[in-house]
Amino acid sequence: MASAWQRPASAPVPTVYRRCAGTRPMPDGRTPNFWIQDITPDQDEDVVDFMSHNFLEEENMCNLSGVRHDPVSLEGIRGVWRTMLRHRAGLVALTDWPDGPDTPRIAGCNVTCVTRRDDHMLEVEGVALNHVLRALHAIESRVDVFARYGVDACLNALGLSVAPRFRGQGLGLQLLLARDALLRALGLRLTVTVFTGAASQKLSARAGFELLARQRWDECLDDDGKPIFPDPPCEDFQLKAKYVE
């Protein structure tokens, strides 16, 4: 998933790509403010922990396959995220609410990296994690996005999550929209993501993502013909892309 790509020297880290206010007051009556920037090296482990505690429970594919409850798979996906973060192409949403401007905290993040045509699926341990990565690889293989959009590389994602206390503030949409400025800073034009929930699929449409392929959950079977993702809350997961001029 993560290639040997290197971030251009012309794109300093961290760069702030987007600033926004929340859409509603918090319990104390104040409305939080956020800024979205590059994930810096000193934030990497905090982001990995954030994703482990939030994303793995709420995201359908990881939740249904039980990644969080399989110690090998859990350590495996944490390793995948660390590998992706080395590209310095991920986004973190920070907020100074409620502790003041000198103690920003993570309100949300989007772990992304740059992939190229000849990149191969990562080899990892853990049955649950392999089920997830194989399902992602299968739907991504349905469309040659490099040929379709005439690009050599694209920004790919493996997880967007917002802290529970800041959900409902429109921050998920803002993280998706911040990819536009990130792409331009990195000299890229295309971002591609698999969206696995009805809410994220609607949100991605609002952010301008184009539907490329669908995959029914009940078509994902293990070697014994049993469903890999039992009792999914929606009909399918979707491969989507956004091209930025």
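Here the structure is shown first, and the text comes after it.
So, how was this worked out
The residue numbers shown here count from 1 along each chain, following its written sequence. The predicted nature of this model means local features are confined to residues of pLDDT at least 70 and side-chain atom pairs, given and counted, to a pLDDT of 80 or more, with totals for whole chains, interfaces and linings taken over all residues. Only hydrogens and water are set aside when side-chain values are computed; all heavy atoms of the structure are taken into account. Note on conventions: DSSP H or I runs of at least 4 residues are helices, E runs of at least 2 residues are strands, and numbering of each starts at the N terminus. Residue contacts are counted whenever heavy atoms from the two residues lie within 4.5 Å of one another. Here, nonpolar core means buried Ala, Val, Leu, Ile, Met, Phe, Trp, Tyr and Cys residues that are tied together by side-chain atoms lying within 4.5 Å of each other. Buried residues are those whose accessible area, probed at 1.4 Å on protein chains only, stays under 20% of the maximum for their type, while exposed residues exceed 50% and partly exposed ones sit between those limits. Only Phe, Tyr and Trp rings are paired, with Trp represented by its six-membered ring, and only when their centres lie within 6.5 Å; those with planes under 30 degrees apart are stacked, over 60 edge-to-face, the remainder tilted. Here, a salt bridge means any side-chain nitrogen of Lys or Arg that lies within 4 Å of a carboxyl oxygen of Asp or Glu. Where helices are involved, their axes are fitted lines through C-alpha atoms of the stretch in contact, as for all axes, and angles between N-to-C directions lie from 0 to 180°. Each angle gets one of four labels, with under 35 degrees taken as roughly parallel, over 145 as roughly antiparallel, 65 to 115 as roughly perpendicular, and the rest as oblique. Gly is put with the polar residues, along with every residue not named as nonpolar or charged; the nonpolar set is Ala, Val, Leu, Ile, Met, Phe, Trp, Tyr, Cys and Pro, and the charged set is Asp, Glu, Lys and Arg. One less than the number of residues in a helix, times 1.5 Å, gives the span that helix is expected to have. Two axes enter the bend calculation: one fitted to the seven residues ending at the residue in question, the other to the seven starting there, and the bend is the angle between them.

Participant: Help me understand the environment of Glu-57, please; the structure alone is not making it clear to me.
Facilitator: With respect to the helices, strands and loops of the structure, Glu-57 is situated in helix α1 (residues 44-58). For the pair Glu-57 and Ala-199, spaced 142 residues apart in sequence, the C-alpha to C-alpha distance is 15 Å. Ignoring sequence-local partners within four residues, the contact set of Glu-57 consists of Asn-63 and Arg-68.

Participant: Hey, could you run me through the nonpolar core in this one?
Facilitator: Nonpolar side chains tend to gather and get buried jointly when the protein is soluble and globular. One finds Trp-81 and Phe-229 to be the most contacted residues of the largest nonpolar core, which totals 76 residues. Counting residues per element, this core draws most heavily on helix α4 (residues 127-140), at seven residues. Leu-176, Leu-177, Ala-207 and Phe-209 belong to the second largest nonpolar core, which has six residues in total.

Participant: Looking at this structure, I do not really get the packing of aromatic side chains. What am I missing?
Facilitator: What characterises a pair of aromatic rings is the spacing of the ring centres plus the angle enclosed by the ring planes. Counted under the stated rule, the structure contains seven aromatic pairs. Look at Phe-195 and Phe-209: their rings are 5.4 Å apart centre to centre, the planes differ by 80°, and that puts the pair in the edge-to-face class. Of this pair, Phe-195 sits in strand β6 (residues 190-195) while Phe-209 sits in the loop between α7 (198-206) and β7 (210-216); the two residues are 14 residues apart in sequence, bridging distant segments of the chain. As far as the burial class goes, Phe-195 and Phe-209 line up, both buried. Through a chain of ring-to-ring contacts, three or more aromatic side chains come together here, namely Phe-34, Trp-97 and Phe-166.

Participant: Looking at this structure, I do not really get the pattern of salt bridges. What am I missing?
Facilitator: Two side chains that carry opposite charge are able to pair once their charged atoms sit near each other. Under the criterion given, the structure shown has 15 salt bridges. One salt bridge in this structure joins Glu-45 and Arg-82, with 2.7 Å as the shortest N-O distance. Of this pair, Glu-45 sits in helix α1 while Arg-82 sits in helix α3 (residues 71-85), and the two are 37 residues apart along the sequence. Residue classification places Glu-45 among the partly exposed positions, given a relative accessible area of 38%. The partly exposed category is assigned to Arg-82, whose relative accessible area is 25%. Note that Arg-78 and Asp-49 form a salt bridge whose closest N and O atoms lie 2.9 Å from each other. With a gap of 29 residues between them, Arg-78 in helix α3 and Asp-49 in helix α1 connect regions that are remote in the sequence. Here Asp-49 falls in the partly exposed class, since its relative accessible area comes to 29%. The structure contains a network of salt bridges with shared partners spanning Glu-45, Asp-49, Glu-75, Arg-78 and Arg-82.

Participant: Can you help me understand the packing of α3 against α4 in this one?
Facilitator: The relative placement of two packed helices is expressed as an angle between their axes plus a distance between the axes. One can describe the packing of α3 onto α4 by two numbers: an axis separation of 6 Å at closest approach and a directional angle of 50°. Taken together, the axes of α3 and α4 are oblique relative to one another. For the pair α3 and α4, the contacting residues are Ser-73, Gly-76 and Ile-77 in the first and Val-127, Ala-128 and Leu-129 in the second. When its residues are assigned to classes, the contact of α3 with α4 shows four nonpolar, two polar and no charged.

Participant: Explain α1 here, please?
Facilitator: Helical geometry: 3.6 residues make up each α-helical turn, so side chains three or four residues apart lie on a common side. Given a rise of 1.5 Å per residue, 15 residues ought to cover 21 Å, and the 21 Å separating the end C-alpha atoms of α1 matches this to within 8%. Approximately 35° is the largest bend angle found in α1, and it occurs at Met-51. Asp-44, Val-47, Val-48, Phe-50, Met-51, Ser-52, Asn-54, Phe-55 and Leu-56 are the residues of α1 that are buried. Contact partners of the buried residues in α1: α2 (60-65), α3, β4 (105-116) and β5 (153-162).

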